[in-house]
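# Geometric and topological summary
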Amino acid sequence: DVRLTAAGEPGTGDPDQLAIDDRAWAVVPPIEERDILMVTEGDPAAELDPYLQTAIEGLPGVQPWVGTVAELAQNPMAPSGEAWDLIIFDGTVPTDLPDVPILAVAPDRSSPLGTINGTLPNPGIGSLNPVEPILSFVDLSTLHVAEAARMTLPDWARAVIPGPRGAPLLYAGE
């Protein structure tokens, strides 16, 4: 509960012209701890994107973990014994995908997430959907992509950031 008052002690000073906006309430849900696993093919210290790692580690309520594809195959559950809340594959994608939410960044091969058909050097960004919820409050005006995989999307996916000739630069789906 937050209340605004005039300068000085409450009840003194100039009368407020619009008292209805002097008080506000907000219900803040408790932060539920989320287990997020960031996965690389080899040594995470050498291969994990430092910008990605910094972004994930800075999120409130997130317990970040780092591992390899081989470690994930040996132990597919979070340390809590529950399923991972999110697995981020950085530069790799396993043959068998886990049944949890996945973010794949620059996958190195085709998988059920999509078919890679080569690369796109310096791809431009296509026309964006102005009501795309994933891009709310995101400014792409200074984004430059040096290279991207040319992918064919599976039927369940939709392009969020379209690239040249229908190849997506970012896509989502279930």
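Further up the page is the structure itself.
Residues numbered from 1 in each chain as written. Predicted model: local features only at pLDDT ≥ 70, side-chain atom pairs only at ≥ 80, totals over all residues. Heavy atoms only, no water.

Our next topic: the pattern of salt bridges. If you walk through the whole model with that rule in mind, you get four salt bridges. One salt bridge in this structure joins Asp108 and Arg109, with 2.8 Å as the shortest N-O distance. Across the pair Arg158 and Glu132 runs a salt bridge, and its minimum N-O distance is 3.0 Å. One end of the pair, Arg158, is in strand S9 (residues 157–162); the other, Glu132, is in the loop between strand S7 (115–121) and strand S8 (147–152), and 26 residues separate them in sequence. Among the charged side chains, a salt-bridge network with shared partners connects Glu41, Asp108 and Arg109. (Salt bridge = Lys/Arg side-chain N within 4 Å of Asp/Glu carboxyl O. Helix = DSSP H or I, 4+ residues; strand = E, 2+ residues; numbered from the N terminus.)

Computed from the structure, the largest pocket encloses a volume of approximately 1,400 Å³. Leu103, Ala104, Val105, Leu169 and Leu170 are, among the 33 residues lining the largest pocket, the residues nearest its centre. For the lining of the largest pocket, the element with the most residues is strand S10 (residues 168–173), which contributes six residues. For the lining of the largest pocket, a count of residues per class yields 28 nonpolar, two polar and three charged. Counted as a void, the second largest pocket has a volume near 160 Å³. Around the second largest pocket sit Leu37, Trp65, Val66, Gly67, Thr68, Glu71, Leu72, Asn75, Met77, Ala78, Pro79 and Trp84, which together line it. The set of elements that each furnish at least two residues to the lining of the second largest pocket consists of strand S4 (62–68) and helix H3 (69–74). (1 Å grid on protein atoms, 1.4 Å probe; cavity = no way out; pocket = protein on both sides within 12 Å on 5 of 7 lines; lining within 4 Å. Points joined across faces, edges and corners; volume = space filled by probe spheres on them. Nonpolar A, V, L, I, M, F, W, Y, C, P; charged D, E, K, R; others polar.)

Coordinates in, geometry out; function isn't part of it.
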